[in-house]
Amino acid sequence: MGFEYDVVIIGGAFSGAATALMLKRKRPEARVLVIEKAAEFDRKVGESTTEVSSCYMTRILGLTHYLGHHQLAKQGLRLWFSNRPDQSFDDCVEVGSRYQSRLPGFQVDRAKLDSHMLKLAVEAGCDLWRPAKVTKCELNNRDGQTVNAVVDHSERSITCRWIVDATGRATMLARKLGHLRPNNEHPIKAVWARFSDVKQWDSYEWRERFPEYANRVHTSREWATNHLFGRGWWVWIIPLQGGDVSAGIVYDNRIFKLPEGPSLGQRLHAHILSNPVGREIFGPARVIEGDVHALSMLPYHSEKVCDDGWATVGDAAGFIDPLYSPGLDFCSYTSYYVADLLARSLAGEEVADQIRYYNQQYPITYRFWFESLYKDKYYYMGDADLMSAALLLDVSSYYLSLVRTAYRDPEHEFLKLPFGGPGGRFAAGMMKFYNRRLVALARRRWATGYYGRRNSGWRELYDGFVPDARIRKQIWRGLRRWWKCELINLRLMLTVRAPVPASEASATARTEIFEAGT
């Protein structure tokens, strides 16, 4: 049985559905088919949106009503640090906002969001085959593409002008064409699960036990993305509508090993309970059976992301690190760009320049994003001084370079990938510089026994981030904290190297070669 379409999109989750929806809005007469392998989307990891992806979803996709009624409003990022397992909860370091977030953000259940997006694409006029398995894909550039799929136990053949790979981590076309590249410089792994019976961050009980904790913040801590930090690892805690909580650990395999245990869920839960903040929150919590997942070697990218006849979007093009939740940012930029490229092509325009730009700029965007924010960050993220400086500078840079421009003119800005042009290269260079310095300071602190010494007894509570001149206040705070760390480093240069505690030596034995080079 043969079918003919203008565009076939393989993968119906957020990136694929958003590409389909935007393409139909830009060119309603386009014949678009979405092929989705799953009969229903499974319960994915709870995910936070950023200000940029929230701008895309509200201003471009028009999801404000849906997100407000069916997902949770997010109240920024909140970071927690400690330096010993028996530390009292109210002695741990807290870094986060004092007030409500100024721009919209959401804690999303991806299965629900993906389902809603796919429904909108179908309502806009896209055809949907589901469940359907792609068995063959042939690329012939301008001569047309061929896709074979099994639907309802029968084989179907489709010819089309364009194929869009939205298969996520399956990266169908990148694997087929040999373009997939693992990011071996960033060997991180992840384990996550959903929990029930997690304590409330803002309960009456906690207000009675920790009055100063309750009175210092004038927003809800529970609706923030809370992070627990240690050397080489971090844990996310994301609330979901209905009461369940998504929690997971991401760790650098060079530095940290997840403790052994009878099951992945129990190992994750035990690690969270070993942290004083985690112990307070997850003491009575239970892992939801059948909802535990793990991934190794998280980061990767496709060396080539499009050609005349095919393109990749979202996680099918690449993934770096879930810290700061950049995944949906990449989905936003790539789905909008590819939808525009395809609409122009179907209208008869020459799109060679657009294809060339996407292929040239995507690897630059990926590389600069990785080097400026994530490279070797796990070496210093367990130190409250260093990580709080990074947070203030990272988020401020994000607001200045991406958030401000996205909200000013979203239809134009989402057609440009981040870190493009001289301004983008300058911003990436500045961020890379202070990140390298913080890594160097962390090495010194670890070698002298000072690492994490100040992870107690203070809070860094700021007013919030806004995409205008007021962001200078947060930049100044971040610079001051960084420069104070530099002054401490001058003193530590004269300090005799302290022995690493035996309890930490086994977890960091594999870093000795790395540390020796500092």
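Residues numbered from 1 in each chain as written. Predicted model: local features only at pLDDT ≥ 70, side-chain atom pairs only at ≥ 80, totals over all residues. Heavy atoms only, no water.

Turning next to the pairing of strand β1 (residues 2–10). Where β1 meets strand β11 (residues 154–165), eight bridges bridge the pair, whose relative direction is parallel. By the bridge assignment, valine 8 is partnered in β11 with isoleucine 163. With four bridges joining them, β1 and strand β2 (residues 32–35) adopt parallel strand pairing. The residue of β2 that forms the bridge with valine 8 is leucine 33. Regarding topology, helix α1 (residues 14–26) serves as the crossover connection from β1 to the parallel β2, and that connection is right-handed. (Pairing = 2+ DSSP bridges. Helix = DSSP H or I, 4+ residues; strand = E, 2+ residues; numbered from the N terminus. Right-handed = clockwise from strand over helix to strand, strands pointing away.)

Read across the sheet, eight strands follow the order β17-β13-β16-β15-β14-β5-β6-β22 without closing on themselves; strand pairing throughout is mixed. With partners counted over all chains shown, the strands left at the sheet margins are β17 (286–295) and β22 (459–462), one partner each. Adjacent strand axes in the sheet meet at a mean angle of 15° when their direction is disregarded. Sheet topology note: the strand β5 (residues 77–81)/strand β14 (residues 225–230) ladder contains four bridges and is parallel. Bridge pairing links arginine 78 to asparagine 226 in β14. Across the face of the sheet, helix α12 (residues 384–408) comes into contact with β5, β6 (93–97), β14 and β22 while running at roughly 170° to β5. (Axes fitted to C-alpha atoms, helices over the stretch in contact; angles between N-to-C directions. Contact = heavy atoms within 4.5 Å.)

Evaluation of the coordinates by the stated rule reveals 36 aromatic pairs. Centroid distance tyrosine 337 to tyrosine 358: 5.2 Å. Interplanar angle 35°. Geometry classified as tilted. Of this pair, tyrosine 337 sits in helix α10 (residues 327–346) while tyrosine 358 sits in helix α11 (residues 352–373), placing them 21 residues apart in sequence. Here tyrosine 337 matches tyrosine 358 in class, with each residue buried. An aromatic cluster of at least three residues, connected via ring pairs, comprises Phe330, Tyr337, Tyr357, Tyr358, Tyr362, Phe368, Trp369 and Phe419. The positively charged end of arginine 130 is found above the aromatic ring belonging to phenylalanine 41, 4.4 Å away from the centroid. The ring of tyrosine 213 is capped by arginine 221, whose NZ or CZ atom sits 3.7 Å from the centre of that ring. (Phe/Tyr/Trp six-rings, centres within 6.5 Å; stacked < 30°, edge-to-face > 60°. Buried < 20%, exposed > 50% of the residue type's maximum accessible area, 1.4 Å probe, protein only. Lys NZ or Arg CZ within 6 Å of the ring centre and 35° of its normal.)

A word on unusual backbone geometry. Here the amide bond leading from arginine 130 into proline 131 is cis, since omega sits at -10°, within 30 degrees of zero. For proline 131, the location among the structural elements is in the loop between β8 (127–129) and β9 (132–138). Phi is positive for aspartate 152, which is not a glycine, with a value near 55°. Of note, aspartate 152 is situated in the loop between β10 (145–151) and β11. Relative accessible area serves as the criterion here: at 61%, aspartate 152 is assigned to the exposed category. The residue histidine 153 is not glycine, and still its phi comes out positive at about 70°.

We now examine the packing of α1 against helix α4 (residues 110–123). Where α1 contacts α4, the two axes come as close as 8 Å, and the packing angle between them is 25°. Here α1 lies roughly parallel to α4, going by the angle between them. Judged by the twist between their axes, the crossing of α1 over α4 is left-handed. For the pair α1 and α4, contact is made by Phe14, Ala17, Ala18, Ala20 and Leu21 and by Arg110, Leu113, Asp114, Met117, Leu118, Leu120 and Ala121, respectively. Its residues placed into classes, the contact of α1 with α4 shows ten nonpolar, no polar and two charged. (Parallel < 35°, antiparallel > 145°, perpendicular 65-115°, else oblique. Left-handed = near helix turned anticlockwise from the far one by under 90°. Nonpolar A, V, L, I, M, F, W, Y, C, P; charged D, E, K, R; others polar.)

Moving on, we come to the nonpolar core. Residues Phe14, Leu61, Met117 and Met387 are the most contacted members of the largest nonpolar core, which totals 121 residues. Broken down by element, the residue count for this core peaks at 15 residues, all from α12. Sequence-distant contacts of phenylalanine 14, that is, excluding residues within four places in its chain, are made with Tyr56, Met57, Leu61, Arg110, Leu113, Asp114, Met117, Leu328 and Cys331. Membership of the second largest hydrophobic core comes to 29 residues, among which are Val191, Trp233, Ile249 and Ile281. (Core = buried A, V, L, I, M, F, W, Y, C linked by side-chain atoms within 4.5 Å.)

Taken by themselves, the reported measurements are silent on function.
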